[in-house]
Amino acid sequence: MRSELHFVIVVCAMVNLHGLSHVNIRRFAAAGRAVPRQRLHEAAERPPDPQTLLTPFQLESKISDLVDWFEGKKNVLVITGAGLSTESGIPDYRGSNGSYHRGHKPMIHDQFISSASQRQRYWGRGLVGWKDFDSRKPNKGHMALSSMEMLGLIGVDFEDKQDFYAKGERENVKASYDYQKVSILTQNVDSLHQRAGSKHVTELHGRTDELKCMSCGARQSRHDFHNALKNLNSEWIEAALSERKDEDMRADGDAHTNADYSQLIVPSCQACGTGFLKPDVVFFGDTVPKHRVERCRAAVSAADGLLCVGTSLAVHSAFRFVKQADSTGTPIAILNVGETRAEAEGIDVLKVEAPIGDTLVGCMTAMEVLDPNKQASY
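Residues numbered from 1 in each chain as written. Predicted model: local features only at pLDDT ≥ 70, side-chain atom pairs only at ≥ 80, totals over all residues. Heavy atoms only, no water.

### Focus on the pattern of salt bridges
Reasoning step 1: Under the defined criterion, the tally for this structure stands at 11 salt bridges.
Reasoning step 2: Residue D132 pairs with R136 through a salt bridge whose shortest N-O separation is 3.1 Å.
Reasoning step 3: According to the relative accessible area criterion, R136 is partly exposed, its value standing at 24%.
Reasoning step 4: The partner of K351 in a salt bridge is E353, and the shortest N-O contact between them spans 3.6 Å.
Reasoning step 5: Assessed through its relative accessible area of 8%, E353 is described here as buried.
Reasoning step 6: When salt bridges with common partners are traced through the structure, they connect E203, R207 and D209 into a single cluster. (Salt bridge = Lys/Arg side-chain N within 4 Å of Asp/Glu carboxyl O. Buried < 20%, exposed > 50% of the residue type's maximum accessible area, 1.4 Å probe, protein only.)

Structure follows, in structure tokens:
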């Protein structure tokens, strides 16, 4: 009975999303319940487009499933991946229009560290793609998660420890020194959660807008560095941009280009004058800093539910936390179109294959209706 009530409330709450009239709500709900649940595609296939995957009836059923999963949980932790940002115009890796389907080869840590030519390639591609990447805005999925954090529907508290900080970092952060709060562990490096207003975000793989010298450790704004790059390579960037297409953008903040990188001039660190700069992100083949992993493990231990959004969980850096939750019996839900590593390895999850933005907004709206004392703007 409770599940059916959730479903009817969800249908009412989502009227504005689909332009349904109140006259049709009862017929809509009945038709929605009649939709059989089945696998929507095979794991070996390219995932379908989330925006055209479901009928409105099917979408409401998926939202109802997620609302039911939230029931009774007070400490839900969210893990997000590149699929969340596709509705902001940033491609993911393995999704319907993922960059891996178009021959994308991401930068490997050892290549960047050991090869000056690979660094030229990286910064050349960054010159072509990063400004557009950095200009993207949060979508309704990001905004819904921000509202859920504000309302206390997601987020965990746990005891703060020195182990959660890099050497010297604790003195430079504002913290209670008693407890930490984390709502979202994101694999993304686009900072869109923060732009949407989320306050308690741990960026598992770092962020692209800050650089660090690999010799002296000095930090520099990527905006300043890109200005220097453009000034030193004005003719190169003009030629490369003239050939760029919208589909050339990649999930890492760069873009495909056929330009010759060998003539690109890459400035050295301003502080020491000799070192080279690297984005403060975890490239493929690198490891997440130990203190960050420890913080994330503590957050997972404090959770009574783990919601994974827009991620295939293909990389170990995030999948380990799903395995940790599974080992302690913590319920896991996955909102993602396409099979994930969790399913492939036989982990018991609630799988919701549906468009992320509409599903999170619908879930948020339904939970507000169920508890009218909670109101948010998203």
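### Focus: the confidence of the model for the chain
Reasoning step 1: This prediction gives the chain a mean pLDDT of 81; 74% of its residues lie at or above 70.
Reasoning step 2: Counting contacts from residues 1–44, a segment whose pLDDT is below 50, to residues more than four positions away or on other chains yields 66 contacts.
Reasoning step 3: Between residues 95–102, whose pLDDT stays under 50, and residues either more than four places distant or in other chains, the model counts 31 contacts. (pLDDT = per-residue confidence, 0-100. Contact = heavy atoms within 4.5 Å.)

### Observations concerning the sheet that holds strand β8 (residues 277–281)
Reasoning step 1: Reading across from one edge, β7-β6-β8 is the order of the 3 strands in this open sheet, with antiparallel pairing throughout. Of all strands in the sheet, those bounded by a partner on one side alone are β7 (219–221) and β8. The mean inter-strand angle of the sheet, taken between neighbouring strand axes irrespective of direction, is 45 degrees.
Reasoning step 2: As paired strands, strand β6 (residues 206–213) and β8 are joined by 4 bridges and run antiparallel to one another. Counterpart to K212 in the pairing with β8 is K278.
Reasoning step 3: Across the face of the sheet, helix α9 (residues 222–232) comes into contact with β6, β7 and β8 while running at roughly 70 degrees to β7. (Pairing = 2+ DSSP bridges. Helix = DSSP H or I, 4+ residues; strand = E, 2+ residues; numbered from the N terminus. Axes fitted to C-alpha atoms, helices over the stretch in contact; angles between N-to-C directions.)

### As for helix α11 (residues 290–302)
Reasoning step 1: With 13 residues, α11 extends 19 Å between its outermost C-alpha atoms, agreeing within 8% with the 18 Å of an ideal straight helix rising 1.5 Å per residue.
Reasoning step 2: Taken residue by residue, α11 has H291, R292, V293, R295, C296, A298, A299 and V300 as its buried positions. (Expected span 1.5 Å × (residues − 1).)

### Quick word on helix α7 (residues 140–150)
Reasoning step 1: In terms of burial, α7 is a largely internal element, 8 of the 11 residues being buried.
Reasoning step 2: Looking only at α7, the buried set comprises G141, H142, A144, L145, S146, S147, M148 and E149.
Reasoning step 3: The opening residue of α7, the one whose side-chain oxygen lies 2.8 Å from the backbone nitrogen of G141, is N139.
Reasoning step 4: Directly beyond the C-terminal end of α7, a positive phi value near 80 degrees is found at G152. (Polar contact = N/O pair within 3.5 Å; in protein donor to acceptor, adjacent residues only side chain to side chain.)

### Quick notes on the packing of aromatic side chains
Reasoning step 1: Across all of its chains, the model carries 10 aromatic pairs by this definition.
Reasoning step 2: Look at F112 and Y122: their rings are 5.5 Å apart centre to centre, the planes differ by 90 degrees, and that puts the pair in the edge-to-face class. A residue pair is termed long-range when its members are at least 10 positions apart, and F112 in helix α5 (residues 109–114) and Y122 in helix α6 (residues 116–134) qualify at 10 residues. There is no split in this pair, since F112 and Y122 are both buried.
Reasoning step 3: Linked through ring pairs, F112, Y122, W123, F225, F276 and F283 together constitute an aromatic cluster.
Reasoning step 4: Taking the ring centre of W69 as reference, the NZ or CZ of K73 above it sits at 4.5 Å.
Reasoning step 5: When the ring centre of F276 is taken as origin, the NZ or CZ atom of R119, which lies over that ring, is 3.8 Å away. (Phe/Tyr/Trp six-rings, centres within 6.5 Å; stacked < 30°, edge-to-face > 60°. Lys NZ or Arg CZ within 6 Å of the ring centre and 35° of its normal.)

### Looking at the sheet that holds strand β5 (residues 201–203)
Reasoning step 1: Strand order in the open sheet made by the 6 strands is β5-β4-β1-β9-β10-β11, with parallel pairing throughout. The open sheet is flanked by β5 and β11 (350–352), the only strands paired with a single partner. With strand direction ignored, the average angle separating the axes of adjacent strands in the sheet is 15 degrees.
Reasoning step 2: For strand β9 (residues 305–309) and strand β10 (residues 332–335), the ladder comprises 4 bridges, and the chain directions are parallel. Across the sheet, residue L307 finds its bridge partner in β10, namely A333.
Reasoning step 3: Contacting β1 (76–80), β4 (184–186), β9 and β10, helix α12 (residues 316–327) runs over the sheet at an angle of about 150 degrees to β9.

### Observations regarding the nonpolar core
Reasoning step 1: F70, L145, M148, I154, L307, V309 and L360 are the most contacted members of the largest nonpolar core, which has 33 residues in total.
Reasoning step 2: Broken down by secondary-structure element, the contributors of at least two residues to this core are α4 (56–70), β1, α7, β9, β10 and α14 (356–370).
Reasoning step 3: Considering every element that reaches this core, the biggest residue donor is α14, with 7 residues.
Reasoning step 4: If sequence neighbours within four positions are ignored, M148 has contacts with F70, L153, I154, M364 and M367.
Reasoning step 5: Residues C296, A299, A318 and V322 belong to the second largest nonpolar core, which totals 30 residues. (Core = buried A, V, L, I, M, F, W, Y, C linked by side-chain atoms within 4.5 Å.)

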